[in-house]
Amino acid sequence: MNITILGAGAYALGLALRFNKNKDNKIIIWSAVKEEIDTLTKTKMNEKALPSVKMPNNFVYTENVEKGIYGSDIVVIAVATKFLSSVCDTIKPYVKDKHIIIASKGIERDTYNFASNIVKIKLKTNKLCTISGPSFAKDMAKDELIGLSLATTNNKTKDLVIRALSSDTLKIRPTKDFLGVELCGTMKNVIAVTSGMLDGMKVSESTKAMFLTESINDTKNLIKKLGGNERTIMSFAGFGDILLTCTSNSSRNYSFGKLLGSGASKKELDEYLKNNTVEGVYTLESVYGLIKSKKVSMPFIDFVYDVVFGHRKSSDILPFLKEKK
């Protein structure tokens, strides 16, 4: 099977390695960033994204999107959500009848569309799915045992993706709940920022557990209010990903929150954002706009928004948690 990965960042490369476990798969990696493609071609590595991880010799790299997609059975979109719309415009002439996997997480800032909505609108296809779950790129690269949720309403896409990606170290659980899976994948980044903030303030493990419980319940309620399946909160995409992302220093969102909570200066925070992709910050603005547009009350999101954008102090979180109903 021919697999094209759009993106050459950490998660894109981690997925490429997992697809490569199936020896019948042929992997092509595309990036619009010439430097990434040149470096991968020469060294088989992206040190900034996945330090010390070398890609197999059989991978093909290209910055020519037509060449990258031609002949592919599956196209995997693994770019940051803020680039998703423009990437869809770029690939539209070449993806007719292709099965598409969305690995991007988040909500578009201006439209409040989830990734699957953007792809549907831009590419006019129903041959698509979203994958999400507790899976750091470094763990994917090390072939650690992981689980992913696969959201799709297309049975052919579901069967094809499971055949191409599942293995003895990757369990896939399918669902039809696009909204629930994508909302969980979005919210976990925001929750991770706040969880890191609490760690930076050196609160107890018990207090952090209280916060995570509250935020999981809030996310479950939001899924239900927006029309998704509230049971998705207990999936790999829900509880699994929240547990991973919101308790580990390996999470950039968590690490950024830790800086906030420890009283880092604006210069330090800006420097971290400059050198790291912190999806939770971009996502926070999108989620904030979404709940306002839907007239949904989520005091937790309001609070985090105010802290991240300088309207409140991180130390206000403990009084907030005490008062929260």
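Structure shown above.
Note that the structure is predicted; figures quoted are calculated from it, not measured.

Cut-offs and rules
- Residues numbered from 1 in each chain as written.
- Predicted model: local features only at pLDDT ≥ 70, side-chain atom pairs only at ≥ 80, totals over all residues.
- Heavy atoms only, no water.
- Helix = DSSP H or I, 4+ residues; strand = E, 2+ residues; numbered from the N terminus.
- Rg over C-alpha atoms; globule rule 2.2 N^0.38 Å.
- Buried < 20%, exposed > 50% of the residue type's maximum accessible area, 1.4 Å probe, protein only.
- Areas by Shrake-Rupley, 256 points an atom, 1.4 Å probe, with all protein chains shown as cover.
- Lys, Arg positive; Asp, Glu negative; His and termini not counted.
- Charge placed at Lys NZ, Arg CZ, Asp CG, Glu CD.
- Axes fitted to C-alpha atoms, helices over the stretch in contact; angles between N-to-C directions.
- Parallel < 35°, antiparallel > 145°, perpendicular 65-115°, else oblique.
- Left-handed = near helix turned anticlockwise from the far one by under 90°.
- Contact = heavy atoms within 4.5 Å.
- Nonpolar A, V, L, I, M, F, W, Y, C, P; charged D, E, K, R; others polar.
- Arc of directions from axis to C-beta.
- Polar contact = N/O pair within 3.5 Å; in protein donor to acceptor, adjacent residues only side chain to side chain.
- Pairing = 2+ DSSP bridges.
- Core = buried A, V, L, I, M, F, W, Y, C linked by side-chain atoms within 4.5 Å.
- Right-handed = clockwise from strand over helix to strand, strands pointing away.

Quick notes on the overall build of the chain
Within the chain, the secondary structure is distributed over 15 helices and eight strands. In terms of overall size, the chain behaves like a compact globule, its C-alpha atoms giving a radius of gyration of 19 Å where 325 residues would be expected to give roughly 20 Å. Over its C-alpha atoms, taken along the principal directions, the chain stretches across nearly 55 × 40 × 35 Å. For the chain, with 325 residues in total, the buried portion stands at 55%. As presented, the chain carries roughly 15,000 Å² of accessible surface, and 49% of it is formed by carbon and sulfur atoms. Across the chain, 48 positive and 34 negative side-chain charges occur, with their mean positions spaced 3 Å apart.

Topic: the packing of helix α8 (residues 178–200) against helix α10 (residues 236–245)
The interhelical angle for the contact between α8 and α10, taken along N-to-C directions, is 20°, at an axis separation of 9 Å. In terms of orientation, α8 and α10 fall into the roughly parallel class. Here the hand of the crossing between α8 and α10 comes out right-handed. Seen from α8, the contacting residues are V181, C184, G185, K188, N189, I191 and A192; seen from α10, they are A237, G238, D241, I242 and T245. When the residues that make up the contact of α8 with α10 are grouped by side-chain class, the tally is six nonpolar, four polar and two charged.

Considerations on helix α7 (residues 155–165)
Taken together, the buried positions of α7 are occupied by T157, L160, V161, A164 and L165. Buried residues along α7 cover an arc of 105° about the axis, so they all sit on one side. The N-terminus of α7 is capped by N154, whose side-chain oxygen sits 3.0 Å from the backbone nitrogen of K156.

Comments concerning the sheet that holds strand β5 (residues 99–102)
The strand order across the open sheet formed by eight strands is β3-β2-β1-β4-β5-β6-β7-β8, and the pairing between neighbours is mixed. Of all strands in the sheet, those bounded by a partner on one side alone are β3 (60–62) and β8 (170–175). Here the strands of the sheet are splayed against their neighbours by 25° on average, with no regard to which way each runs. Strands β2 (26–30) and β3 of the sheet are contacted by helix α2 (residues 34–43), whose axis makes an angle of about 155° with β3.

Quick notes on the nonpolar core
Among the nonpolar cores identified, the biggest contains 43 residues, and M187, I191, F256, M298, F300 and I301 are the most heavily contacted of them. If you list the elements that add at least two residues to this core, you get α8, α9 (205–225), α11 (252–261), α12 (266–275), α13 (279–293), α14 (299–308) and α15 (317–323). In terms of residues, this core owes the most to one element, α8, which gives nine residues. Beyond its immediate sequence surroundings of up to four residues, M187 is in contact with T219, L222, V287, M298, F300 and I301.

Things to note about the pairing of β8
In this sheet, β8 lies alongside strand β7 (residues 146–151) in parallel orientation, the contact comprising six bridges. Bridging across to β8, L150 finds its partner in P174. Read from β7 through α7 to β8, the crossover connection turns out right-handed.

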